[in-house]
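As a plain string of letters, each chain reads:
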Amino acid sequence: MDILLWHKILRPYEMAVAELLMKFRHLKSEYQQRGEYCPIEQVIGRVKSVSSILDKMQRKQVALDDMEEKIEDIAGIRIICQFVEDIYRVSGVIASRNDMRVTEVKDYIRNQKESGYRSYHLIVLYTVQTLDGPRDVQVEIQIRTMAMDFWATVEHSLQYKYQGRIPEKVDIRLSNAASAIISLDNEMSSVRDDIMDAQLSSRLRYNLVEDIVEMIEKLYQYTTRREVEKIQDEFYRVYQMNDIEELIRYHSELDRIAEAYRIQSNRHGEGVKIIEN
Ligand code: 0O2
């Protein structure tokens, strides 16, 4: 039998997880910088431990030679969303990318598992560049709401504690909790528009203030201290009005002043434009 050099085998999976984590986190900040609603709440990733791989191989009767093909979640990314609708949006974004190829979809939301488990799984092929050349590795991407994640985490711990033989009364509780999670996700979806509005407006305020502060700092290099003081006082006055329309108006006014000095503020500008339309 060949000797398995586990760390060498797992290296490309580690690379895949690290790269994908970075890409999804970038995607998240792109939404935020544009001032658009971000369907991704949190992204985490892990490479399965050797013991967990061996357990799964034993459970599924997988031969060592077939491990990399049959154990599809050696590399795992988990994307947490606020709403069920966001899960399908994120899966659409993933399907449209050309740096990963979806090979399998398991929708445990529409087809809940008997255990009560709900989540949306994609298996993708992702290419990493190794010293030996390009390598395609399978990555499992789990997309779920915060509520689904809470349930899955608790259930996973109980499975571990009872070694897969959860007592009936605990099982009934888990099943009740799974139903409550469905109701919770449905309730949250029904106020999704209101929550999204509130989040966007708070993001817009954040972007505007960042932009304004940046423009004031740049203006300080071009105009007199007295002038900048006047501009800053006006900013604090407008800010205290707690009126987003006034803040947008002030931002445009400052933008015109900055333009006269040929100062460009583009760090958060995109977001401001999009929401003004
Ligand atoms: P771990 O320890 O989380 O890594 P398949 O042949 O496709 O049916 P497979 O490969 O197990 O079997 O795929 P599946 O069912 O999509 O499960 C993949 C992962 O989803 C699991 O990995 C779990 O992380 C999670 N999962 C699936 N079912 C459940 C469940 O009932 N409860 C919880 N808490 N998580 C679940 P692992 O390797 O089983 O576990």
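Predicted model only: the values in this text are computed from it and were never measured.

> Where do I start with the overall build of the protein in this structure?
The helix and strand inventory of the protein stands at ten helices and five strands. In terms of overall dimensions, the protein has C-alpha extents of about 80 × 50 × 30 Å along its principal axes. A total of 277 residues make up the protein; the buried ones form 40% of that total. Long-range pairs, those at least 24 residues apart, make up 68% of the contacts in the protein between residues at least 6 apart in sequence. Only carbon and sulfur atoms are counted for the fraction: they give 49% of the accessible area of the protein, which is about 16800 Å².

> I would appreciate a short explanation of helix H2 (residues 50–59) in the present structure.
Within an α-helix, residues lying three or four positions from one another point in the same direction, as the helix has 3.6 residues per turn. Of the positions making up H2, those classed as buried are Ile-53, Lys-56 and Met-57. In an axial view of H2, the angular spread of the buried residues amounts to 100°, which keeps them on one side of the axis. Facing away from the buried surface of H2 by more than 90 degrees, the exposed residues are Gln-58 and Arg-59. In the core, the buried residues of H2 are packed alongside helix H1 (6–34) and helix H3 (67–70). Looking one or two residues beyond H2, the residue adopting positive phi is Gln-61, at roughly 55°.

> Quick question: what am I supposed to make of the site of the ligand here?
Near the ligand you find 17 residues, and of these Lys-48, Lys-60, Lys-106, Lys-113 and Glu-155 are the closest. Contacts to the ligand include Lys-60, whose side-chain N or O atom sits 2.7 Å from an oxygen atom. When the ligand is considered free in solution it has 740 Å² of accessible area, and contact with the protein chains removes 74% of it. Within the residue set of the shell around the ligand, elements represented by two or more residues are H2, strand S5 (133–145) and helix H5 (146–161). At three residues, H5 tops the list of elements feeding residues into the shell around the ligand.

> Please explain the domain arrangement of the protein as it appears in this structure.
Where interface size is given, it is often the accessible area lost as the parts come together that is meant. Taken domain by domain, the protein comprises domain 1 (5–167) and domain 2 (194–267). If you average the C-alpha positions of domain 1 and of domain 2, the two centres end up 41 Å apart. Listed per partner, the contact involves seven residues of domain 1 and seven residues of domain 2. Both faces considered, domain 1 and domain 2 share a buried interface measuring about 640 Å² in area, 59% of it formed by carbon and sulfur atoms.

> Honestly, the pattern of salt bridges in this entry has me stumped. Any pointers?
Opposite charge on two side chains allows them to pair when their charged atoms are near. Under the definition given, this model contains 20 salt bridges. Between Glu-68 and Arg-135 there is a salt bridge, with its nearest N and O atoms 2.8 Å apart. Of this pair, Glu-68 sits in helix H3 while Arg-135 sits in strand S5, placing them 67 residues apart in sequence. According to the relative accessible area criterion, Glu-68 is partly exposed, its value standing at 29%. One salt bridge in this structure joins Asp-149 and Arg-78, with 3.7 Å as the shortest N-O distance. With Asp-149 in helix H5 and Arg-78 in strand S2 (residues 75–81), this pair connects stretches of sequence that are 71 residues apart. Using a relative accessible area of 16% as the deciding quantity, one classes Asp-149 as buried.

> Help me out: how do you make sense of the sheet that holds strand S1 (residues 42–47) in this one?
Sheets are built from strands paired through backbone hydrogen bonds, the pairs being either parallel or antiparallel. A sheet is described by the order of its strands in space; here five strands give the open sequence S1-S2-S5-S4-S3, paired in mixed fashion. For this open sheet the edge positions go to S1 and strand S3 (100–107), each flanked by a neighbour on one side alone. Averaged over all neighbouring strand pairs, the angle between strand axes comes to 25°, with direction disregarded. Pairing between strand S4 (residues 120–130) and S5: eleven bridges, direction antiparallel. Within S5, the position partnered with Gln-129 by the bridge is Pro-134. Against the sheet, H1 touches S1, S2, S3, S4 and S5, its axis set at about 175° to S1.

> Would you take a moment to explain the side chain of Asp-185 for this structure?
Topologically, Asp-185 is positioned in helix H6 (residues 168–190). A distance of 3.0 Å separates a polar atom in the side chain of Asp-185 from a polar atom in the side chain of Thr-145.

> Before we go on, may I ask you to explain the packing of aromatic side chains in this structure?
When we look at a pair of aromatic rings, we describe it by the centre distance and by the angle of the planes. If you walk through the whole model with that rule in mind, you get six aromatic pairs. With centroids separated by 5.3 Å and ring planes inclined at 75°, the aromatic side chains of Tyr-88 and Tyr-120 adopt a geometry described as edge-to-face. One end of the pair, Tyr-88, is in helix H4 (residues 84–96); the other, Tyr-120, is in strand S4, with 32 residues separating them in the sequence. On the basis of relative accessible area, Tyr-120 is assigned to the buried category, the value being 9%. Relative to Tyr-250, the ring of Phe-235 has its centre 6.1 Å away and its plane inclined at 20°; by these criteria the two rings are stacked.

What counts, and at which threshold
- Residues numbered from 1 in each chain as written.
- Predicted model: local features only at pLDDT ≥ 70, side-chain atom pairs only at ≥ 80, totals over all residues.
- Heavy atoms only, no water.
- Helix = DSSP H or I, 4+ residues; strand = E, 2+ residues; numbered from the N terminus.
- Buried < 20%, exposed > 50% of the residue type's maximum accessible area, 1.4 Å probe, protein only.
- Contact = heavy atoms within 4.5 Å.
- Areas by Shrake-Rupley, 256 points an atom, 1.4 Å probe, with all protein chains shown as cover.
- Arc of directions from axis to C-beta.
- Near = heavy atom within 4 Å.
- Polar contact = N/O pair within 3.5 Å; in protein donor to acceptor, adjacent residues only side chain to side chain.
- Domains from an automatic or database assignment.
- Buried area = accessible area lost by both parts, 1.4 Å probe.
- Salt bridge = Lys/Arg side-chain N within 4 Å of Asp/Glu carboxyl O.
- Pairing = 2+ DSSP bridges.
- Axes fitted to C-alpha atoms, helices over the stretch in contact; angles between N-to-C directions.
- Phe/Tyr/Trp six-rings, centres within 6.5 Å; stacked < 30°, edge-to-face > 60°.

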